[in-house]
Amino acid sequence: MTREKIFEKLNEIFRDVFFNPDITLTDATASQDIEGWDSLTHITLIGMIEDEFRIKFSMEEIVSMSNVGEMVNTIMKQMEQKS
């Protein structure tokens, strides 16, 4: 899956979780950039991402992701390992 396709899917997930159709993610997007992105919504977000991409983040991966670009890199890495 391409990086662009991952971003498309993530945009859909973020828009659903935060009830905001105007969200457009970039590599630099971080929690402070999106209103309502707190620890509880983060758990929901991670669960939906894991379901969508059929992956499972380790706790180490979750805490090390500081922005969406790092999240995309982690998703790509996990998907490559599965294939």
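Everything numeric here is computed off the predicted structure, so don't read it as measured data.

K.L.:
Help me understand the overall build of the protein chain, please; the structure alone is not making it clear to me.
P.N.:
The helix and strand tally for the protein chain stands at 4 helices and 0 strands. Counted from the first residue to the last, the protein chain has its helices and strands arranged as α-α-α-α. A compact globule built from 83 residues should have a C-alpha radius of gyration of about 12 Å, and the protein chain, at 12 Å, falls within 12% of that. In terms of principal-axis extent, the alpha carbons of the protein chain reach across some 35 × 25 × 20 Å. Looking at the protein chain alone, contacts between residues at least 24 apart form 54% of all its contacts between residues at least 6 apart.

K.L.:
Before we go on, may I ask you to explain the side chain of T29 in this structure?
P.N.:
Structurally, T29 is set in the loop between helix 1 (3-17) and helix 2 (39-53). Look at T29 and you get buried, because its relative accessible area is 7%. Only 2.9 Å separates the side chain of T29 from the backbone nitrogen of T26, close enough to count as a polar contact. In this view, T29 contacts T24, I34, N67 and V68; residues no more than four positions away in its chain are not counted.

K.L.:
Please clarify how helix 1 should be interpreted in this entry.
P.N.:
The α-helix advances 3.6 residues per turn, and as a result positions three or four apart in sequence lie on the same side. Here helix 1 contains 15 residues, and its C-alpha end-to-end distance of 21 Å stays within 8% of the 21 Å for a straight helix at 1.5 Å per residue. Within helix 1, burial applies to I6, F7, L10, N11, I13, F14 and V17. Considering only its buried residues, helix 1 is in contact with helix 2 and helix 4 (68-82). Downstream of helix 1 by one or two residues, F19 has phi in the positive range, about 50 degrees.

K.L.:
What's the story with the side chain of E50 in this structure? I'm lost.
P.N.:
By the element assignment, E50 lies in helix 2. With sequence-adjacent residues up to four places away left out, E50 is seen in contact with I55, K56 and F57.

What counts and how
- Residue positions are counted from 1 within each chain, in the order its sequence is given.
- Side-chain atom pairs in this predicted model are given and counted only at pLDDT of 80 or more, local residue features only at pLDDT of at least 70, and totals for whole chains, interfaces and linings cover all residues.
- The side-chain numbers reported here are obtained from all heavy atoms of the structure, hydrogens and water having been left aside.
- In this text, helices come from DSSP runs of H or I with a minimum length of four residues, and strands from runs of E with a minimum of two, each type numbered from the N-terminal end.
- Only the C-alpha atoms count toward the radius of gyration. The rule for a globule is 2.2 Å times the residue count to the power 0.38.
- Whether two residues are in contact is decided by their heavy atoms, any of which lying within 4.5 Å being enough.
- Only protein chains enter the accessibility calculation, which uses a 1.4 Å probe; a residue whose area is less than 20% of its type maximum is buried, one above 50% is exposed, and one in between is partly exposed.
- Pairs of N or O atoms are called polar contacts if they sit within 3.5 Å, as long as, within protein, a hydrogen donor faces a hydrogen acceptor (for residues adjacent in sequence, only side-chain-to-side-chain pairs).
- Any helix carries an expected span of 1.5 Å times its number of residues minus one.

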